[in-house]
Amino acid sequence: MSVFDRAEGEGVSRGEKALIVLPERAGERVMRSTEARLDEAAGLAAAIGIDVVGRKAYRLRAVRPASLFGKGQVEEIGQLAREGDAHLIVVDAVLTPVQQKSIEELTKAKVIDRTGLILEIFGERAATAEGRLQVELAHLDYQAGRLVRSWTHLERQRGGFGFLGGPGETQIEADRRQIRDRMAKIRRELEQVKRTRGLHRDRRQRAPWPVVALVGYTNAGKSTLFNRMTSATVFAENLLFATLDPTMREVRIPGFEKAILSDTVGFVSDLPTELVAAFRATLEEVASADLIVHVRDIAHPDSDAQAADVVAVLASLGLDEEDSPPRLEAWNKLDLLDAEEREHVLNEAARRDDVVTLSALSGEGVEALRAEIGQRLQEGSVIHRLKLSASDGVRLAWLHARGDVLDQRNEGEMMHLAVKLSADNWARFQAL
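Residues numbered from 1 in each chain as written. Predicted model: local features only at pLDDT ≥ 70, side-chain atom pairs only at ≥ 80, totals over all residues. Heavy atoms only, no water.

Peer 1: Give me the lowdown on the sheet that holds strand S11 (residues 382–389), citing residues and values where you can.
Peer 2: Strand order in the open sheet formed by 3 strands is S11-S13-S12, and the pairing between neighbours is antiparallel. Looking at the sheet topology across the chains shown, the edges are occupied by S11 and strand S12 (404–411). With strand direction ignored, the average angle separating the axes of adjacent strands in the sheet is 15 degrees. Of the strand pairs in this sheet, S11 and strand S13 (residues 414–421) are connected by 8 bridges, and their pairing is antiparallel. When the sheet's bridge partners are listed, isoleucine 383 is paired in S13 with lysine 420. With respect to the sheet, helix H13 (residues 393–402) is in contact with S11, S12 and S13, its orientation differing from that of S13 by roughly 30 degrees. (Pairing = 2+ DSSP bridges. Helix = DSSP H or I, 4+ residues; strand = E, 2+ residues; numbered from the N terminus. Axes fitted to C-alpha atoms, helices over the stretch in contact; angles between N-to-C directions. Contact = heavy atoms within 4.5 Å.)

Peer 1: So what's going on with the pattern of salt bridges? Residues and values would help.
Peer 2: Tallied over the entire structure, the rule returns 25 salt bridges. Where glutamate 189 meets lysine 185, a salt bridge forms, and the shortest distance between an N and an O atom there is 2.7 Å. Of this pair, glutamate 189 and lysine 185 are both found in helix H6 (residues 171–206), 4 residues apart, which corresponds to roughly one turn of the helix. Since its relative accessible area comes to 29%, glutamate 189 is described here as partly exposed. Overall, lysine 185 belongs to the partly exposed group, its relative accessible area being 39%. Aspartate 407 is paired through a salt bridge with arginine 409; the nearest N and O atoms lie 4.0 Å apart. (Salt bridge = Lys/Arg side-chain N within 4 Å of Asp/Glu carboxyl O. Buried < 20%, exposed > 50% of the residue type's maximum accessible area, 1.4 Å probe, protein only.)

Peer 1: So what's going on with the packing of aromatic side chains? Residues and values would help.
Peer 2: One pass over the full model with this rule turns up 3 aromatic pairs. Taking 6.0 Å as the distance between ring centres and 45 degrees as the angle between the ring planes, the aromatic pair formed by tryptophan 398 and phenylalanine 429 counts as tilted. Note that tryptophan 398 is positioned in helix H13 and phenylalanine 429 in helix H14 (residues 423–431), a separation of 31 residues in sequence. Of the two residues, tryptophan 398 and phenylalanine 429, neither departs from the other in class, the shared state being buried. Seen from their ring centres, tryptophan 426 and phenylalanine 429 are 5.9 Å apart, and the 25 degrees between their planes marks the pair as stacked. Highlighted residues: tryptophan 426 and phenylalanine 429, both in helix H14, separated by 3 residues, approximately one helical turn. The rings of Trp398, Trp426 and Phe429 are connected pair by pair, giving a single aromatic cluster. (Phe/Tyr/Trp six-rings, centres within 6.5 Å; stacked < 30°, edge-to-face > 60°.)

Now the structure itself:
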């Protein structure tokens, strides 16, 4: 395939043509093929309407501190960009500010690295006020170290007048100070959001409904599954990062009067640390869930690598498997498998007790997932014998909604109950 052949379905152009380049370091151990990594980078670019006109991987014998690539490779990249009329070069790696500036100067094209590209996607997709604050904070954090670009106004000096600028303060110093001030303001606003979210979470913890959080690699089908299980209309497209802002809806789960299903942002390999930090408050919803359902695109050739990336991001949030809510894997997109692949996947799943296979698109296996979620939420339950006042309607309703009432009888103004409750729900009941 020519470097300028376009892959099918790479998105609607918004007029900006881009060349994708992938640096591959000698001796580097990776779980994905070169073509799969290029496909994902092209998918990220297509997610914001960039017209990908070419892609190529470059083997690096050694990493050049000044430009990452070798001199000849950079010259070739510039030539390919000109041949494809691409004024944007997307480097699928994390570039230092110096490397970004050097490649721009040598190729005479705008350069963006993987972190910058993902930040652009988040910037376009964030819909809520909190999401926009989180994205802005991540973007400012990213830009703070990149005020070494070839912008001539950054070399000017400010005079001694004005508000905070001292004598001889350069424009670049003023810009950095403004960024720091804005970041501090956003952090204060996000802290307030975090406190409010914590209050809502505490209220939900006291409420008689379990919370199930969907996590997974971007484009694994979380939002499609969410819509299927809740009859919601959350945006779900065959795009990377189609959903950014967390959504919660009521869902029907066997054995429970009501449960809450939470759809969270999708993960991706090499997720920028700036974004992980900015979205930490949002992803705390996962930590407080009663059950985590890890949705996997089992039809994707890199499904195992994607699953490892999800686990790594959860671990970076402090959610090691031992210290996090119980997990269940939902192997999605059975409808995309041929007969032989389907049989292999079903046999693999049958050997494990933490996997449900399904197709969120067709609905196959979704009811089995509901049943498994209900069973998981009731695991470790213990029968408690209680005596409550017959007038204590709030706590009685709580027990009926959250537990399994096995026996109930009245004796005068008192009510005797035998209720099956999980350890978490027993603790919550005692806190009422």
